[in-house]
Amino acid sequence: MGRDQVDLPKVRSLREVLRTACNRDCPDACGIVATVEDGRVVQIRGDREHPVTRGYLCERTSRFLTRQYDPARLTRPLMRRGAEFVEVSWDAALDFVAAGLERIRRESGAEAVLHYRSGGSLGIVKVVNDWFFECFGGARVKKGDICAGAGQAAQEADMGFSESHDLADLVNSRCLLLWGKNVTTSFIHMLPELKEARRRGAVVVLIDPAPRRAARFADHVIQPRPGCDRFLALGMAQWIDAHNAVDPTLATWSLGHEAFLHLARSRPLAAWAQAADVRLEELENLARLYATRGPANIQVGWGLQRRYHGGVTVRVLDALCALSGNLGVPGGGVTFYYARRRAFDAERWGAPAERRGIPEPLLGPGILDATDPPVRAVVVDNGNPVAMLPESHTLKRALETRELVVVLEQFMTDTAACAHVVLPVTTMLEERDVLGAFGHHYLVGVQPVAQPPAAVKTDLEIYQALATRLGFGDRLEGSAREWIARLLEPVANSVSVESVERGAVRNPQPHRVLFAERRFPTPDGRFHFVTEVPLDRVTPDATYPLTLGSFSTPQAQSSQWARPIAGSPLEARCHPHAAPWAADGAPARVHSRLGSLDVVVRLDASLRPDLLLLPKGGWLQHGQAANALIGAVATDIGLGAAYYDEPVRIAPT
Ligand SMILES: Nc1nc2c(c(=O)[nH]1)N[C@H]1C(S)=C(S)[C@@H](COP(=O)(O)OP(=O)(O)OC[C@H]3O[C@@H](n4cnc5c(=O)[nH]c(N)nc54)[C@H](O)[C@@H]3O)O[C@H]1N2
Ligand SMILES: Nc1nc2c(c(=O)[nH]1)N[C@H]1C(S)=C(S)[C@@H](COP(=O)(O)OP(=O)(O)OC[C@H]3O[C@@H](n4cnc5c(=O)[nH]c(N)nc54)[C@H](O)[C@@H]3O)O[C@H]1N2
Ligand code: SF4
Ligand SMILES: [Mo]
């Protein structure tokens, strides 16, 4: 044996640098570079080669390793015994679940089972979870989408589908309206494009009743009355018309612009400004800027449409874009959503559109009220509806009164705590999948980079094991990689499993500029102007004078916190005039018609005095769920949830 060999260490260092992606419910779909030592991830950072990620991750995911290695992570199947959970074997848990589902289907039909999947992962392989319930016989499903349902339905009505120009096209804009777009919290990888557009001379206006940090990236800030943006936009349409800035070609590719303009002219400009609670000059200046400094792009925030009139609000913004000649031009457009599932053959594996379901915003009352058959079992994966859907207490009661509740989870969430069986699942660092993004056009592969705890399974493995027990195992067969290959079928000519595993690949389908030919996938090929806009608004009363906003915080992905929140007080942020009796830090209580929560007051003079903000994602078991105060109300179209229209009051304790 030579000397060199003797000196070699016995075990080679198992330090590897691996590429994967972040599957969280976020527009950015970042590439991740993970440093792994002996199966344990010791560092994650943003992929520098991903054209949108550009080497950095957000605050919440930079801290993901504390979640990954949190001792509170679920690592064994649990079954309820009275008020307690006990650890059981996988066979015991899966046999129990399969037997329960089979019995309920035999006695009441497959629709007595409700499957609820939400945004725990945007990985496309998660559609196999839905496919399980189709093969099972067609379980009940959620209808609509609390996240973006109203805005998507709006854009489908106007333009046939909801898609966007390439993110990189932003730099061609000379005027950018961030309309309720929280770029510093919820879409941080838009910032480089935004900064570059400004460097090239774009003027940026933030239109948001609660502007916060995003104001730093704007030249002007306008704070309309919450839920009243459509009045501001109608006023702008009137100004554009009065100043002969209407696209002269409209009649050849659209329908309804006359009726839309009739509506815009139906009130004096000052009345529109007053209805939106902005100054007349603000409205006029905004209209002038938008109409004369083209190409101009409107970035429609998702928060804007989580209101009673959310759908019609987005329709008015679409109309404004079309009216002003900004549709279909580089640097223009009205950007709401990127069709993240478009590259995938996902619809084939989900529930058909006519399947009976429960509107997602009304899930709690919907489960309680369902008949013929009633909902007897609920299976939840990738979601924490008790904390995240409106009327947390109703949802909790709905789950607690079912015969069988099964939750596939990583942590003992408010929803898992209501289950009869909790099945522990892998995290995004432990599984294989592929992502499309709802904020850009790149696809990227998710690879397992960490060793999962021994007794943890992927959703795919769990549903495959259940399918085998229920006699349709063959229909779910295939590894995650095989499923990815099946799902990538629509783009198989140019995108392969291997290519997405190597890093970001642009989805070849979307045009870089949308609707350049001014042809639309609507039934008649035309753009449709909204012609009816409700003019009423939610008027807070003396009992509940404030409107509750519960928007994203940098520290959490919905109810998944980067740092523990138990023990730290829930902060309610408001203008000093909204709580004139309070000093900053004072204890108080927030009341709505549904209940109340203990808070500490944070005074913030940058907010409108008619708003009160609580963080999104607080847990019910910590007394911090904003959704305990928010009523289950659907948006005007698309079955979104009107999360931000709940009137509240703050009072000393
Ligand atoms: N850090 C973090 N990032 C996230 C998430 C998270 O939980 N945490 N969630 C992710 C998810 S699920 C999604 S869908 C997206 C969410 O993206 P958004 O829904 O855009 O997220 P929010 O940051 O909550 O922003 C809502 C914004 O809308 C504004 N707004 C509310 N009502 C109105 C109104 O009536 N008019 C106007 N003009 N503005 C209004 C609010 O003031 C706020 O700035 O972000 C994702 N990103
Ligand atoms: N008050 C208020 N409520 C809101 C909002 C708001 O702005 N205000 N925003 C709404 C929006 S936009 C959205 S999208 C929803 C989000 O609602 P949810 O999607 O329910 O939100 P999360 O809290 O992220 O819950 C996802 C759960 O999935 C788990 N999970 C993660 N990965 C996996 C996996 O691979 N498999 C399984 N089985 N589980 C996994 C996580 O541990 C987490 O508990 O919340 C909505 N609720
Ligand atoms: S949560 Fe969003 S911004 Fe953060 S790392 Fe994941 S994809 Fe990127
Ligand atoms: Mo969302």
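Residues numbered from 1 in each chain as written. Chains lettered and ligands numbered in written order. Predicted model: local features only at pLDDT ≥ 70, side-chain atom pairs only at ≥ 80, totals over all residues. Heavy atoms only, no water.

**Some thoughts on the site of ligand 2**
Close to ligand 2 lie 32 residues; Ser118, Met388, Glu409, Ser559 and Tyr644 are nearest. At 2.9 Å, a backbone N or O of leucine 408 approaches a nitrogen atom of ligand 2. The contact in question runs from an oxygen atom of ligand 2 to an N or O atom on the side chain of glutamine 560, over 2.8 Å. Here ligand 2 has 920 Å² of accessible area as a free molecule, and 97% of this is covered by the chains. The class makeup of the residues in the shell around ligand 2 is eight nonpolar, 15 polar and nine charged. In this structure, the shell around ligand 2 is formed jointly by two domains, domain 1 (78-143 + 350-427 + 453-495) and domain 3 (546-652), each of which donates at least three residues. (Near = heavy atom within 4 Å. Polar contact = N/O pair within 3.5 Å; in protein donor to acceptor, adjacent residues only side chain to side chain. Areas by Shrake-Rupley, 256 points an atom, 1.4 Å probe, with all protein chains shown as cover. Nonpolar A, V, L, I, M, F, W, Y, C, P; charged D, E, K, R; others polar. Domains from an automatic or database assignment.)

**Re helix α18 (residues 480-487)**
Of all the residues in α18, the buried ones are Ala480, Trp483, Ile484 and Leu487. On an axial view of α18, the arc spanned by its buried residues comes to 105 degrees, and they lie on one face. Looking at the buried positions of α18, the neighbouring elements they touch are α5 (127-135), β18 (433-435), α17 (459-470) and α19 (497-502). (Buried < 20%, exposed > 50% of the residue type's maximum accessible area, 1.4 Å probe, protein only. Helix = DSSP H or I, 4+ residues; strand = E, 2+ residues; numbered from the N terminus. Arc of directions from axis to C-beta. Contact = heavy atoms within 4.5 Å.)

**Observations concerning the site of ligand 3**
Around ligand 3, the surrounding shell consists of Cys22, Cys26, Asp28, Ala29, Cys30, Leu57, Cys58, Arg60, Thr61 and His189. When its residues are assigned to classes, the shell around ligand 3 shows six nonpolar, two polar and two charged.

**Here's the deal with the packing of helix α8 (residues 229-242) against helix α10 (residues 257-264)**
Axis separation between α8 and α10 bottoms out at 8 Å; the angle between their running directions is 105 degrees. By the angle class used here, α8 and α10 are roughly perpendicular. Seen from α8, the contacting residues are Leu234, Ala237, Gln238 and Asp241; seen from α10, they are Phe260, Leu261, Leu263 and Ala264. Here the contact of α8 with α10 is composed, by residue class, of six nonpolar, one polar and one charged. (Axes fitted to C-alpha atoms, helices over the stretch in contact; angles between N-to-C directions. Parallel < 35°, antiparallel > 145°, perpendicular 65-115°, else oblique.)

**What about the sheet that holds strand β27 (residues 595-603)?**
Pairing in this closed barrel of six strands is mixed, and the strands run β22-β28-β25-β27-β26-β29 around the ring. Strand-to-strand twist in this sheet, taken as the mean axis angle between neighbours without regard to direction, amounts to 45 degrees. Of the strand pairs in this sheet, strand β22 (residues 546-549) and strand β29 (residues 647-652) are connected by two bridges, and their pairing is antiparallel. Bridge pairing links threonine 547 to proline 647 in β29. (Pairing = 2+ DSSP bridges.)

**What about the pattern of salt bridges?**
For the coordinates displayed, the defined rule picks out 44 salt bridges. The partner of arginine 506 in a salt bridge is aspartate 166, with the nearest N and O atoms 3.0 Å apart. Here aspartate 166 lies in the loop between α6 (149-159) and β8 (175-179) and arginine 506 lies in strand β20 (residues 505-506), a separation of 340 residues in the sequence. Per residue, the accessibility class of arginine 506 equals that of aspartate 166, and both read buried. Salt bridges sharing common partners tie together Glu571, Arg573, Asp584, Arg602 and Asp604. (Salt bridge = Lys/Arg side-chain N within 4 Å of Asp/Glu carboxyl O.)

**Overview of the sheet that holds strand β2 (residues 31-37)**
Strands sit in the order β1-β2-β3 across an open sheet of three strands; the sheet is antiparallel. On the outer flanks of this sheet lie β1 (15-21) and β3 (40-46), each paired with one strand and no other. Strand-to-strand twist of the sheet, defined as the mean angle between neighbouring strand axes without regard to direction, takes the value 25 degrees.

**So, unusual backbone geometry**
Of note, the amide linkage connecting glycine 294 to proline 295 takes the cis form, showing an omega dihedral of -5 degrees. Mapped onto the fold, proline 295 is located in the loop between α12 (280-292) and β12 (296-300). In the segment running from aspartate 372 into proline 373, the intervening peptide bond is cis, with an omega of -5 degrees. One can find proline 373 in the loop between α14 (363-369) and β15 (377-381). With a phi angle near 50 degrees, arginine 54 is a residue other than glycine that sits in the positive phi range. A relative accessible area of 42% places arginine 54 in the partly exposed class. Positive phi, close to 60 degrees, is recorded for phenylalanine 515, a residue that is not glycine.

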